[in-house]
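# Coordinate analysis (summary)
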Amino acid sequence: MTLREEQEKVQKAMNAALSGLREDPFLARRVLANAKGEKPVKKKLSFSIATAVVLIVLSISVALAAGLRLFGELSGTYAGDPRLTALEQIAIPVGLEWTTEDGITVQIEQAYYEGSRVFISYRVSGNWNATVVHEGTPDIVNFDDVEENFIAAENMMSDISERNAALQQMDGSQPIWLECRDANLHDGLFLADGTYLDIIGGDGIVQEDGSWIGWKECEIPEERIADTLEFKAVLYRVSSVLYQKGTTYATSYEQGESTDLPFTLTRNKNFISLSGTSSGENWRAEASLQMGQIDLRGSILVTCPESWIKYWNSWDDVSAEDGMIMDWYLYRGDELINDCGVEAIWCNEENQLVFEMVCPRMGSVEGLTLVPVYADETKDPEHAIPLT
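Residues numbered from 1 in each chain as written. Predicted model: local features only at pLDDT ≥ 70, side-chain atom pairs only at ≥ 80, totals over all residues. Heavy atoms only, no water.

### Details of the pairing of strand β20 (residues 368–374)
Most of β20 is tucked away: seven of the seven residues are buried. Burial along β20 is two-sided: the face carrying Leu368, Leu370, Pro372 and Tyr374 and the face carrying Thr369, Val371 and Val373 are both buried. Pairing analysis gives seven bridges linking strand β16 (residues 325–332) to β20, with the strands arranged antiparallel. Bridge pairing in β20 links Ile325 to Tyr374. Looking at chain direction, β20 and strand β21 (residues 385–386) are connected through two bridges and run antiparallel. Of the residues in β21, the one forming a bridge with Leu370 is Ile385. (Buried < 20%, exposed > 50% of the residue type's maximum accessible area, 1.4 Å probe, protein only. Helix = DSSP H or I, 4+ residues; strand = E, 2+ residues; numbered from the N terminus. Pairing = 2+ DSSP bridges.)

### Points about the environment of Val241
With respect to the helices and strands, the residue Val241 is situated in strand β10 (residues 228–245). In sequence terms Val241 and Ile140 are 101 residues apart; their C-alpha atoms lie 9.2 Å from each other. Sequence-distant contacts of Val241, defined by excluding residues within four places in its chain, comprise Pro138, Ile140, Phe143, Trp177, Leu178, Ala250, Thr251 and Ser252. (Contact = heavy atoms within 4.5 Å.)

### Points about the nonpolar core
Across soluble globular proteins, nonpolar side chains have a tendency to be buried as a group. Of all hydrophobic cores here, the largest spans 29 residues; its most connected members are Ile300, Val302, Trp328, Leu370 and Leu387. Contributing elements (two or more residues each) for this core: β14 (284–291), β15 (295–303), α8 (306–313), β16, β19 (352–360) and β20. Once residues lying within four places of it in the same chain are set aside, the contact partners of Val302 are Trp283, Arg284, Ala285, Trp308, Trp328, Asn351, Gln352, Leu353 and Phe355. Membership of the second largest hydrophobic core comes to 27 residues, among which are Ala111, Trp128, Ala183 and Leu189. (Core = buried A, V, L, I, M, F, W, Y, C linked by side-chain atoms within 4.5 Å.)

Here it is as structure tokens:
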């Protein structure tokens, strides 16, 4: 697709995702349809999708039979990540559990602190969600959000079966409102003094028994890194009302209390540092990466023409130059190791681009190179960055 199409897709997906999170953390299934600019439609489960579902169920069953912990279980689901297999092997089995007075149980099963990041796997069960369906109109004067020409039954889904069944009743045929209550872990983690640790990876999934299992990867500010740190996850609670009358959809929210869940971890400091440089006709690149026990992570700083910066900064229809670097592929000799390692591109200065990379950990770092990929998708091994 063109840059414009790519930008529009990302922007629409972000709008939909943020909207879904604002309304309900489990109602974020409008992203794909919105990203394509299409009206969401309901489709029958195809044979291929059904087969995939069966394979996921089987993989979870195998995980349970093999005695895997949550990182291992999650690696075989749509909430997985290639690095979870390594985390299953290296993470500390902390085995912490809390049960609140309102009947919510949170378990932090595994945790790992490496470099500037902390990982956890967790389970939330018990009284963590509820949905009550009411006919008529709720006793609310001012809603927090009102959306016209929006039918919840046509546009919203939930991973919680009870919530999803209730949403399907909100088809506009009669006034209906839902009284919802939800509790789960805050997106990010925190230090003991309240310093927020931004989430940079993670996902979760509702289990057949009604519990929620998930994992998080959060980043620690450089100035707060220490050999041992006291962390805390925060259990939030929110009550909401979802109201459908005709084609008008309205929502109201009330934040509840939160509960701190503390734990302490010691940092892994064993890394292999890799670096290298390369240059082309009008650019120069410097790579700096580190490989710990989980992944190979770092950045490539590219000093480049101002036109490249304009391209990445502009939402206008600016054409990419043929010689503009758009990506970097990881090779070992002639063997392609990873072609999707670049996860972010941003402008550092007027003439500098930063490509951030994350790749799964590998057994050997010998002979690795980063090959530039240009706008016309040409790969240029002659100007690759040798990593030493």
